[in-house]
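The residues making up each chain are set out below.
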Amino acid sequence: MTYTLKTFIAIGGERFSQLYEANAPGFPLFYPTAFIVRSIRPCTSHETQKVYLAAIKRVCEWESSRDIDLAMSFHCRRFLSAAQLDDLANYLRASKLGGRNAVISNSKYNTHLAYAAAYLRWLAHEVITDSNTRDARDAIDAQELMLLRKKRRKSGSKSARQQHVLTAKLSDGARHQLLDLFDQPFEDLRQPQEYGTRLRNVVMLRVLYETGMRFGELLSLKLKSFIEAGGGDSAYLDIERNHHDPVDTRLNQPVAKTFGRRLPISAHLEEQLSAYRDNWRSTVQGVGFSEEDFIFIIHRGGPSQGQALTKTAFGTGLKNLKQAYGALGAVHPHLLRHDWNYRFSMKADSEGIPFEEECTLREQLMGWTPGSPMARLYNHRHIEEKSYEIGLKVASDTKRSTQ
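Residues numbered from 1 in each chain as written. Predicted model: local features only at pLDDT ≥ 70, side-chain atom pairs only at ≥ 80, totals over all residues. Heavy atoms only, no water.

## Quick look at the sheet that holds strand β5 (residues 261–264)
Pairing in this open sheet of 3 strands is antiparallel, and the strands run β3-β4-β5 from one edge to the other. The sheet is open, and its two edges are formed by β3 (226–227) and β5, each paired on a single side. (Pairing = 2+ DSSP bridges. Helix = DSSP H or I, 4+ residues; strand = E, 2+ residues; numbered from the N terminus.)

Written out as structure tokens, the structure is:
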């Protein structure tokens with residue numbers, strides 16, 4: 001039996017997903033829906049709920065393919081054997097997109113395993129009438145522990161992953177190409193009908209480059225978010241928390257994962273944003289002009305023309321830019337966030353900003369909470385360089401002094 005995940009938007013703007021039998025009309029699966037609504041939805045985002053449902057979907061597929069009724073089995077206190085738990089773990093690890101023997105990453109597998117274990121624990125307590133008796137609790141705990149023990153060690157060390165974050169930045173070729181595009185967005189473009197889309201894509205990349213904001217925050221920018229320069233102040237972009245925005249019609253709503261904040265932009269970017277808004281966006285059929293309408297929209301004709309740009313649509317635009325300019329091959333939105341932090345560190349060093357102040361400023365500009373481990377991780381580069389300087393001085397003490 002096959003299953004499918006469907007996403008909906010509630011009247012208040014909340015996104016929610018449910019699991020269905022693919023070829024059967026009617027209601028969503030009862031137990032997965034009850035688990036999400038009662039145990040997961042109150043304390044997690046919609047994106048996390050979808051990951052839970054993806055793991056539960058694999059459990060349901062395994063259950064169907066092995067002709068097992070988990071709810072009935074648990075109700076009768078028949079728990080999964082060691083061999084069945086091994087089989088379930090292998091099923092969760094198998095990649096449905098790859099060929100034979102292809103597997104998903106250890107990190108993704110561990111997440112699916114943990115979420116599947118949480119669902120099975122909940123299901124057992126749900127269907128066993130007296131699940132709080134000692135025997136029932138012990139059996140449920142033992143089944144969960146046996147499954148969780150099948151987690152796999154993540155590849156690479158934690159320090160190696162942190163070092164990757166510290167050193168992630170644009171290559172010189174990609175940086176030069178981006179800066180050229182920022183100055184000449186229509187370079188090598190032969191089709192006038194593509195000018196609006198090109199300027200939109202280049203301006204979006206420039207916003208990411210100048211501010212370091214997250215991709216979801218970029219797609220969530222509204223006309224009211226762009227504040228032009230005035231009274232001696234520079235132009236800036238306002239980032240707002242936007243979960244369950246009733247105005248946003250995108251099923252997979254891009255959201256701001258970090259706190260709201262105000263991010264300054266250059267005069268040149270202000271000029272380009274104004275030009276895009278007034279000269280290109282305004283001519284698209286079906287576009288809105290209220291302050292709640294989104295800045296970046298779909299230009300191509302069709303039923304979605306004039307609506308808010310989706311992640312997929314921007315991905316297509318970025319892919320086209322990469323095909324036209326090979327130096328941009330490794331560029332992706334989050335790399336620009338890493339690169340911004342790299343450049344911020346360099347600027348903080350050149351300005352002689354103290355370590356603690358650098359952390360505070362970075363937290364504000366990135367939208368992180370005070371004491372954020374990510375801010376300290378990025379600032380660790382400064383510690384490494386200073387420790388190297390001191391270490392070199394200590395090493396130099398071995399040199400015989402001369403009169």
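So, next bit.
## Some words on the side chain of Lys50
The topology assignment puts Lys50 in helix α2 (residues 46–65). Lys50 gets classed as buried once you look at its relative accessible area, which sits at 15%. Ignoring sequence-local partners within four residues, the contact set of Lys50 consists of Leu5, Thr7, Ser17 and Asn252. (Buried < 20%, exposed > 50% of the residue type's maximum accessible area, 1.4 Å probe, protein only. Contact = heavy atoms within 4.5 Å.)

## A few points about the state of the cysteines
The tally for this structure, following the rule as stated, stands at 0 disulfides. Unpaired in this structure, Cys60 has its nearest cysteine sulfur neighbour in Cys76, at a distance of 19 Å. By relative accessible area, Cys60 is classed as buried at 6%. (Disulfide = S-S within 2.5 Å.)

## Brief notes about the packing of α2 against helix α4 (residues 82–93)
At a closest axis distance of 10 Å, the pairing of α2 and α4 adopts a crossing angle of 125°. When the interaxial angle is binned, α2 and α4 end up oblique. Between α2 and α4 lies a crossing whose hand is right-handed. Taken together, the residues of α4 that come into contact with α2 (itself represented by Ala55, Arg58, Val59, Glu61, Trp62 and Ser65) are Gln84, Asp87, Leu88, Tyr91 and Leu92. Partitioning the contact of α2 with α4 into residue classes produces 6 nonpolar, 2 polar and 3 charged. (Axes fitted to C-alpha atoms, helices over the stretch in contact; angles between N-to-C directions. Parallel < 35°, antiparallel > 145°, perpendicular 65-115°, else oblique. Left-handed = near helix turned anticlockwise from the far one by under 90°. Nonpolar A, V, L, I, M, F, W, Y, C, P; charged D, E, K, R; others polar.)

Bear in mind that shape data such as this cannot, by itself, settle questions of function.
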